[in-house]
Amino acid sequence: MNTPPATIEATAPRPGRNHLVSGAMLVAMAATVAVFVLHSSAFRTAYWTLANLVHLRPRWPLSGDWLTGIDPVTGPIVALVALVGLWSTWPLSRLLEDRWLPDADRLTCWALAMIITTSAFLASVQILAFARLFGWTPGMPIPAISAIFLLVLWLSGRLLARRQPAVACPPVRRKGRWLPSGTRLPLAFVLSAHGICLLMALTAPPIGGGDALRYHLPLVVKWMRADALIMLPEFWQYALPSNGEVIIWWFLRGGLESVAGVALFPAGLLAAATTWGLVRHMQGSRFAASTAVIAVLASEVVADQMCKSFIDLFGTAFLGAGILALMIGSEPGRVPGQKRLLALLGGLALGISCGSKPVFWLLALLATVILGVLRARRADDRRGLRTLAPLFLAGLAACSAFWFVRASVEAGNPLYPLRLSVAGHQVLPGVNPESLIDRPSLRDQLASPPDLARLPGRIGLAILNVDGYESDFAPLSVAIILAGILAVGLSSAARRQALARPNRAVIAGLALTMLAALVLVLQFRTRYGMIYHLLALCWASLAIAHLHRRRPRITAAILAAATGTACICMLAGPLDALLYRLHTGDMSRAAFYRIPSTIDTLPAGSRIVSLATNARALSYPLYGRGLRNDVIDSLTAGSMFPDLRPSLAGLKQAGVEYVHLRAPFPEGWDTARHLELIYDDERDAGRPRRTLPSRIYRVPRYTHAAGPG
């Protein structure tokens, strides 16, 4: 029987290799970093950040209210369960390494253990969500979810400890240092930068982001008010699968608003650990794996989403973890017990990803097809697939079935919000898939000759994953991918040997497939192509490791410089926001969101609506400190008042008590003269300079309503 391939250190290169390859790679890496420095807006922000730091005169003591709103009963339970879940990944990873996968290292096993922990939590929540959906329970109490989660976690540990496969090979003791020379300084840079970002995020409310403040976080508040994972089919944004929002909901239920802002931070660590595992199971060296990890953590879009309530990184990390589990399970020589465990873990990870966003339905399907074909070709016992397929499907359904059942019950379409039409006739109700991406289709973008002429350049930028749309990737990752492409294209040795080692052809095929999906279906949207980015880094890091063996000092210097550049990009925005708040001496929630502090002093339960034209980012902040207000979010406001100029009767009919306006104010809105102006910060001499002028009106309760709504 063949033994599972052990991850080994790459051998030294043979003399006489083509020096043109290494020279071209070095030039490409250095030039890419230089161009990124000149192009990146983060460096302009960094300049002003340093200028603010020089002239900083903070007012002490600082007044922060980020602890306000913690529930004294559920808050400690929520925090304790989260800590237990994070801690449990380490003993689970030890069990996996010692008893099930002796040829895998601890970081790879930690990524697999993260699948177990997260799926146990999500399944626990969705068990009660099912009961709430069908009216079997009146709510979703925190103690019940906690008890189910801890029970499932304990059972998982017991099964891993008591049942183990007859592993055909002894544990592999890998040689070499854990952190190879040349990667220690870059890794110190990027970990320090993430530590600073994490500390700053923990001292503020959820940072959110455009879509997060518009509908992700308001959806979580709606869940809290209904005590159920409800959906609102009239707005597709409130009807998406929401595994990522469930984790944010958990912390907001306990009043831990600041922790909720970084609830998805571990997803970035999982993406990095998954990248490590993929490289090592491609027989890449520790240097190659470390370089890929650093590039992932230094990516601007990854760093941005680790401290914000975005879902893309969360879904991508578990999609990558599922690919890792299925790829390891398909390696020749795996015994049946290992195959069954890895098939289940792969299904759980892909289920978490599919339950996060419809985009991952396509990406997970592509990955499953490719890895399924690989498994069928490598299988020494084809009949074993009859056992593995049900395990995979069970894992897939464990963390995603609720969303499809809920959509069937509430909207009559298990795939809602996707609309299904056959021959022009609607079979299942929903929304045009192109509107979910919110960008013109590729066909529309290529309708004119100039657009067609720009297509090769756009594809080239997509290959490097630099589009300028919702965060680029860092100079380090771009340089690595470009250098890796040059190495594969120019080196005859690479062409002959690169795909020969186990799993390298698999990663290359997956990367090309995900790139095709990014270009043809996902329309070049950078954050949707993060899985391509991770897979491309896995492949390209092998070429960088080869370059490091030939020219270690120059390569290490470029990596350190590129990582330092990436860290400046990563820290510029958060530091600038922090220094601004230090200048004002106000660390309150209102100052963080740059809204009037009056929002936090309204009577509890006040119904407020924002009629500003830029209300997109104002839905969640208007809930106020402790989420005490009743907010008509921007999506609902646009539906109720299409022109954002409602009459007094319309406001009263909607139960609105307060109206918030933000510059530019609507012109010709006669209703304003019937309202009571209670705040106008244009008259406030102390208004911070970065805050747009705001007005707050009180709707009189007993004034005669004039005109229809």
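The rules behind each value
Residues numbered from 1 in each chain as written. Predicted model: local features only at pLDDT ≥ 70, side-chain atom pairs only at ≥ 80, totals over all residues. Heavy atoms only, no water. Buried < 20%, exposed > 50% of the residue type's maximum accessible area, 1.4 Å probe, protein only. Helix = DSSP H or I, 4+ residues; strand = E, 2+ residues; numbered from the N terminus. Pairing = 2+ DSSP bridges. Patch = residues over 30% accessible without salt bridge, like charges linked within 9 Å, V, L, I, M, F, W, Y side chains within 5 Å. Areas by Shrake-Rupley, 256 points an atom, 1.4 Å probe, with all protein chains shown as cover. Salt bridge = Lys/Arg side-chain N within 4 Å of Asp/Glu carboxyl O. Axes fitted to C-alpha atoms, helices over the stretch in contact; angles between N-to-C directions. Parallel < 35°, antiparallel > 145°, perpendicular 65-115°, else oblique. Left-handed = near helix turned anticlockwise from the far one by under 90°. Contact = heavy atoms within 4.5 Å. Nonpolar A, V, L, I, M, F, W, Y, C, P; charged D, E, K, R; others polar. Phe/Tyr/Trp six-rings, centres within 6.5 Å; stacked < 30°, edge-to-face > 60°. Core = buried A, V, L, I, M, F, W, Y, C linked by side-chain atoms within 4.5 Å. Arc of directions from axis to C-beta. Polar contact = N/O pair within 3.5 Å; in protein donor to acceptor, adjacent residues only side chain to side chain.

*Asks:* Before we go on, may I ask you to explain the pairing of strand β7 (residues 658-662) in this structure?
*Replies:* For β7, the buried fraction is high: five of the five residues fall into the buried class. Of the two faces of β7, both are covered, the one formed by Y658, H660 and R662 as well as the one formed by V659 and L661. Bridge count for strand β5 (residues 607-610) against β7 is three bridges, and the pairing is parallel. Along β7, the bridge assignment pairs I608 with Y658. Pairing analysis gives five bridges linking β7 to strand β9 (residues 694-698), with the strands arranged antiparallel. Each residue of the ladder has a partner; that of V659, found in β9, is Y697.

*Asks:* What is the right way to read a nonpolar patch on the surface from this model?
*Replies:* On the surface, F134, W136 and V409 cluster together into a nonpolar patch covering about 360 Å² of accessible area. When you line up the elements, F134 lands in the loop between α4 (106-133) and α5 (142-162).

*Asks:* I tried to follow the packing of helix α10 (residues 265-280) against helix α13 (residues 312-329) on my own but got confused; where do I start?
*Replies:* For any two helices packed against each other, one specifies the inter-axial angle together with the distance between the axes. Interaxial distance between α10 and α13 falls to 8 Å at its minimum, and their mutual angle equals 25°. It follows from the interaxial angle that α10 and α13 lie roughly parallel. Our pair here, α10 against α13, has a crossing hand that is left-handed. Contacts from A267, G268, L270, A271, T274, G277 and L278 in α10 reach L313, F314, A317, F318, G320, A321, I323, L324 and M327 in α13. Taken together, the residues of the contact of α10 with α13 break down into twelve nonpolar, four polar and no charged.

*Asks:* Hey, could you run me through the packing of aromatic side chains in this one?
*Replies:* Any pair of aromatic rings gets described here by the distance separating the centres and the angle formed by the planes. As enumerated under the stated definition, the model contains 16 aromatic pairs in all. On the basis of an interplanar angle of 25° and a centroid distance of 5.3 Å, the ring pair of F134 and W136 is categorised as stacked. Exposure remark for F134: the relative accessible area of 39% places this residue in the partly exposed category. Where W223 meets W403, the ring centres are 6.2 Å apart and the plane angle is 20°; that geometry is what we call stacked. With W223 in helix α7 (residues 210-226) and W403 in helix α17 (residues 401-411), this residue pair connects regions lying 180 residues apart in the sequence. For the pair W223 and W403, one class covers both residues: buried. Put simply, the rings of F121, F149, W249 and W250 touch in pairs and so form one group of aromatic residues.

*Asks:* Honestly, the pattern of salt bridges in this entry has me stumped. Any pointers?
*Replies:* Pairing between side chains of opposite charge can happen when their charged atoms approach one another. Counted by the stated rule, this structure contains 15 salt bridges. D633 is the partner of K222 in a salt bridge, and the nearest nitrogen-oxygen pair spans 3.1 Å. Of the two residues, K222 is situated in helix α7 and D633 in the loop between β6 (630-632) and α27 (634-640); the sequence distance between them amounts to 411 residues. The exposure class of D633 is buried, given its relative accessible area of 1%. Salt bridges sharing common partners tie together D211, D312, K357 and R527.

*Asks:* Teacher, can you tell me more about the sheet that holds β5 here?
*Replies:* What links the strands of a sheet is backbone hydrogen bonding, and the strands pair in either a parallel or an antiparallel sense. Read across the open sheet, the five strands follow the order β6-β5-β7-β9-β8; overall the sheet is mixed. Each edge of the sheet is formed by a strand with only one pairing partner; in this case those strands are β6 and β8 (676-680). Taking the axes of each pair of neighbouring strands and ignoring which way they run, one obtains an average angle of 25° across the sheet. Bridge analysis of β8 against β9 gives four bridges, and the strand direction is antiparallel. Bridge pairing in β9 places Y679 opposite I696.

*Asks:* Would you mind going over the nonpolar core with me for this structure?
*Replies:* For soluble globular proteins, the rule of thumb is that nonpolar side chains tend to be buried together. Judged by nonpolar contacts, the single largest core of 161 residues is most densely connected at L229, V246, W249, W250, F251, L363 and Y620. Among the elements that make up this core, the one with the highest residue count is α4 (14 residues). One finds L611, A654, F665 and V699 within the second-largest nonpolar core, a separate group that totals 19 residues.

*Asks:* Please clarify how the environment of L270 should be interpreted in this entry.
*Replies:* Looking at where L270 falls in the secondary structure, it is placed in helix α10. Overall, the relative accessible area of 0% leaves L270 in the buried class. In the structure, L270 is positioned 158 residues away from L112 in sequence and 9.1 Å away in space, judged by C-alpha atoms. In this structure L270 touches W110, A111, M114, A317, F318 and A321, once residues within four positions along its chain are discounted.

*Asks:* I tried to follow α17 on my own but got confused; where do I start?
*Replies:* Every α-helix carries 3.6 residues per turn, so stepping three or four residues along brings you back to the same face. Along α17, the residues classified as buried are F402, W403, R406, A407 and A411. Projected onto a plane normal to the axis of α17, the buried residues spread over an arc of 130° and lie on a single side. Those residues of α17 that are buried lie in contact with α4, α7 and α8 (243-253).

*Asks:* Just to check I follow, could you spell out unusual backbone geometry for this structure?
*Replies:* Note: most peptide bonds trans; most residues except glycine with negative phi. Omega for the bond connecting Y416 with P417 falls within 30 degrees of zero, at 15°, which places this linkage in the cis form. Its place among the elements puts P417 in the loop between α17 and β2 (420-422). We note that D227 has phi near 55°; this positive angle belongs to a residue other than glycine. Following the sequence through the fold, D227 ends up in the loop between α7 and α8. For R594, which is not glycine, the phi torsion reads 60° and is therefore positive. With respect to the helices, strands and loops of the structure, R594 is situated in the loop between α26 (589-593) and β5.

*Asks:* I tried to follow the side chain of R280 on my own but got confused; where do I start?
*Replies:* Mapped onto the elements of the fold, R280 is located in helix α10. Take R280: its relative accessible area is 1%, and that puts it in the buried class. A polar contact of 2.7 Å, which involves the side chain of R280, links it to the backbone oxygen of G284.

*Asks:* So what exactly am I meant to see when it comes to the packing of α4 against α5 here?
*Replies:* Axis separation between α4 and α5 bottoms out at 9 Å; the angle between their running directions is 140°. By the criterion of interaxial angle, the relationship of α4 to α5 is oblique. α4 and α5 meet at a crossing whose hand is right-handed. Contacts between α4 and α5 pair I116, T117, A120, F121, S124, V125, I127 and L128 from the former with A144, I145, I148, F149, V152, L153, S156 and L160 from the latter. In terms of residue class, the contact of α4 with α5 is made up of 13 nonpolar, three polar and no charged.

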